[in-house]
Amino acid sequence: MNRTDTLSGLAVVPHASAFRVAQWRMLLAAMFCYLFFYTGRQTFGFAIPGMQAEFGLSKETLGWVSTAMLWTYAIGQAINGNLADKFGGRRIMSLGAVLSCGANWLTSFAGGFLSLILPWGLNGYLQALGWAPGSRLLSNWWGVSERGKVYGFYVFAAGCASILSYVTSIVVLEVFQLEWRWIFRLPVLLMLAGGIMFFLIARERPQDMGFEPLADTGVANADDKHQEATHGEVETSAQRYKAVLKNAKLIIAAVSLGFQNAARYGLIVWVPVHFLGADWKSGGDGWIDPKWITVALPVGMAVGALSNGWVSDKLFGSKRYLAIMLYMVLGAATSLWMWSLPAHSSIGLVALFLCGFFVYGPASSFWALCPDLVGAKRAGTATGVMNFSSYLFAGLAEPLIGRLLDLSGNTSLIFIVVTGACLSSALVALFVRR
């Protein structure tokens with residue numbers, strides 16, 4: 001059977017080929033949108049030195065501001081994943097990009113602690129309109145056998161978003177020579193554009209483009225068959241939450257992800273502070289400016305996420321816990337190596353790349369676990385619950401790290417914290433074995 005793709009004006013192609021094109025279009029559309037999402041929340045570390053200088057706030061206090069965003073993000077994930085299952089991911093993800101842009105602009109006008117923490121906390125909830133809804137849309141278009149690859153690409157886009165947030169922050173401060181407030185004004189315009197484009201390009205389900213529903217969107221393991229919604233079943237929000245929260249393996253995976261995300265955000269927020277030092281405008285003594293060494297972290301994260309999805313599918317036969325444990329142990333080792341290096345060491349470029357590679361890489365396997373364990377119909381809710389845990393842990397860690405750095409005056413201790421979090425994640429992941 002042949003058909004014409006009316007959305008893109010492509011010539012008539014075989015139905016199977018047309019569906020494959022549509023699958024990749026949805027994946028690329030979600031990747032494109034999420035590529036810009038982190039410009040709305042991962043720029044905070046670059047603004048910390050400027051905010052400290054202007055407001056006289058301690059690192060611990062600014063850690064609580066970061067925590068406010070992470071915890072409202074966690075709450076938003078628990079709510080918005082279910083909303084994506086109920087109303088669809090396309091509209092919600094696009095709305096999040098537009099509203100988060102506005103919240104960032106509000107933050108940029110802060111005059112002190114309260115006017116900083118309130119809009120930044122609001123921004124956390126609005127940012128949570130992105131990830132789980134996008135994941136829900138992808139689970140409608142891609143089946144069990146390709147989930148590791150697909151989530152690898154999706155998380156790769158998130159890793160590239162970290163690169164973009166780092167680079168745009170440095171450009172604002174160094175190239176444009178603007179104050180910290182512009183970190184919250186200029187990069188987020190990309191997110192606004194990405195959200196609008198996603199709404200115009202993406203479609204929620206194969207049926208919306210005239211295709212048959214995908215057949216293999218259920219659980220990955222026959223033993224988990226009872227955990228997914230039956231064909232044609234319409235669930236209430238309460239029923240979805242109850243089913244997901246009763247899934248023991250998903251809850252264990254959520255705890256493991258919590259430790260992984262605590263390690264990840266420990267790096268994202270405090271590595272710029274470690275490399276820039278007290279004088280945030282000065283360069284280093286090595287052959288490369290330490291401001292640009294920091295970019296090695298998100299580059300490593302992006303490549304690591306892409307690799308881990310492939311590793312879990314191809315090397316471990318979709319046994320996600322093995323890929324998670326491997327990378328978390330190696331993340332602990334490279335973080336210890338990073339701790340042993342001086343802040344402005346040029347070899348830190350390599351060490352920081354590997355640190356990001358292994359610490360963030362397992363995110364691909366964690367997100368593929370959601371539809372693996374509960375099926376596509378509950379994937380949004382499961383993703384939201386998992387992400388709630390991940391940002392609850394990350395938020396707990398932020399003020400503790402800030403306090404530790406205030407008391408010790410030694411920013412390299414962040415890598416000791418990351419090592420402990422990685423090892424904890426690996427240990428808990430052992431109990432997700434299937």
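These figures come from a predicted structure and were not determined experimentally.

Student: I'm lost on the side chain of Ser237 in this one. Help?
Tutor: Within the secondary structure, Ser237 sits in helix 9 (residues 237–245). Side-chain polar atoms of Ser237 contact the side chain of Asn82, separated by 2.9 Å. Not counting residues within four places of it along the chain, the set of residues in contact with Ser237 comprises Asn82 and Lys86.

Student: Help me understand the pattern of salt bridges in this model?
Tutor: Pairing between side chains of opposite charge can happen when their charged atoms approach one another. Counted by the stated rule, this structure contains 9 salt bridges. Measuring nitrogen to oxygen at the nearest pair gives 3.2 Å for the salt bridge that ties Asp208 to Arg205. Here the salt bridges do not stand alone but share partners, grouping Arg20, Glu146 and Lys149 into one network.

Student: Even after reading the chapter, I still don't get the nonpolar core, so can you show me in this structure?
Tutor: A general trend in soluble globular proteins is that nonpolar side chains are found buried together. If you look at the biggest cluster of nonpolar residues, it comprises 119 residues, and the most contacted ones within it are Tyr34, Met51, Trp141, Leu267, Leu352, Trp367 and Met386. Contacts of Leu352, omitting those with residues within four sequence positions, involve Val271, Phe275, Ile293, Thr294, Ala296, Leu297, Met338 and Phe415. Ranked by size, the runner-up nonpolar core spans 5 residues in total, among them Val311, Ala323, Phe357 and Phe358.

Student: Help me out: how do you make sense of the packing of aromatic side chains in this one?
Tutor: Each aromatic ring pair is specified by the distance between its two centres and by the angle formed by the two planes. For the coordinates displayed, the defined rule picks out 24 aromatic pairs. Ring geometry for Trp120 and Phe184: centres 5.2 Å apart, planes at 75°, overall edge-to-face. Of this pair, Trp120 sits in helix 5 (residues 113–127) while Phe184 sits in the loop between helix 7 (147–175) and helix 8 (188–201), placing them 64 residues apart in sequence. With respect to class, Trp120 is no different from Phe184; both count as buried. Each ring, one from Trp131 and one from Trp367, has its centre 5.7 Å from the other, and the planes form 55°; the classification is tilted. Here Trp367 lies in helix 15 (residues 363–374) and Trp131 lies in helix 6 (residues 131–141), a separation of 236 residues in the sequence. No difference in accessibility class separates Trp131 from Trp367, as the two residues are buried. Every member of this aromatic cluster is reached through a ring pair, and the members are Tyr34, Phe37, Tyr38, Trp131, Tyr154 and Trp367.

Student: Is there a simple way to think about the packing of helix 15 against helix 16 (residues 379–408) in this case?
Tutor: A pair of packed helices is characterised by two quantities: the angle between their axes and the separation of those axes. It is at 9 Å that the axes of helix 15 and helix 16 come closest, and there the two elements cross at 135°. The pairing of helix 15 with helix 16 is recorded here as oblique in orientation. Our pair here, helix 15 against helix 16, has a crossing hand that is right-handed. Each of Phe366, Trp367, Cys370, Pro371 and Val374 in helix 15 lies in contact with helix 16, whose residues at this interface are Ala379, Ala382, Thr383, Met386 and Asn387. Among the residues making up the contact of helix 15 with helix 16, the classes are represented as 8 nonpolar, 2 polar and no charged.

Student: Looking at this structure, how should I read helix 3 (residues 59–87)?
Tutor: Given 3.6 residues to a turn, an α-helix orients residues that are three or four positions apart in the same direction. For helix 3, with 29 residues, the first-to-last C-alpha span of 40 Å sits near the 42 Å given by 1.5 Å per residue. Approximately 30° is the largest bend angle found in helix 3, and it occurs at Gln77. Backbone geometry just downstream of helix 3 places Gly88 in the positive-phi region, at approximately 100°.

Student: So what exactly am I meant to see when it comes to helix 9 here?
Tutor: Restricting attention to buried positions, one finds in helix 9 the residues Ser237, Arg240, Ala243 and Val244. For helix 9, the buried positions fall inside an angular range of 130° around the axis, keeping them on one side. For helix 9, exposure combined with an orientation more than 90 degrees from the buried face picks out Ala238 and Lys242.

Student: I would appreciate a short explanation of the confidence of the model for the chain in the present structure.
Tutor: Note: predicted coordinates in regions of low pLDDT should not be interpreted at a detailed level. Across the chain, the average pLDDT comes to 85, with 88% of residues at or above 70. Put simply, strand 2 (residues 13–14) is where the chain has its lowest mean pLDDT, 41, and helix 8 is where it has its highest, 97. Across residues 1–14, where pLDDT falls below 50, the model places 23 contacts with residues more than four positions away in sequence or in other chains. Per-residue pLDDT stays below 50 along residues 278–287; that stretch engages in 21 contacts with residues further than four places along the chain or on separate chains.

What counts, and where the lines are drawn
Residues numbered from 1 in each chain as written. Predicted model: local features only at pLDDT ≥ 70, side-chain atom pairs only at ≥ 80, totals over all residues. Heavy atoms only, no water. Helix = DSSP H or I, 4+ residues; strand = E, 2+ residues; numbered from the N terminus. Polar contact = N/O pair within 3.5 Å; in protein donor to acceptor, adjacent residues only side chain to side chain. Contact = heavy atoms within 4.5 Å. Salt bridge = Lys/Arg side-chain N within 4 Å of Asp/Glu carboxyl O. Core = buried A, V, L, I, M, F, W, Y, C linked by side-chain atoms within 4.5 Å. Buried < 20%, exposed > 50% of the residue type's maximum accessible area, 1.4 Å probe, protein only. Phe/Tyr/Trp six-rings, centres within 6.5 Å; stacked < 30°, edge-to-face > 60°. Axes fitted to C-alpha atoms, helices over the stretch in contact; angles between N-to-C directions. Parallel < 35°, antiparallel > 145°, perpendicular 65-115°, else oblique. Left-handed = near helix turned anticlockwise from the far one by under 90°. Nonpolar A, V, L, I, M, F, W, Y, C, P; charged D, E, K, R; others polar. Expected span 1.5 Å × (residues − 1). Bend = angle between axes of the 7 residues up to and from the residue. Arc of directions from axis to C-beta. pLDDT = per-residue confidence, 0-100.

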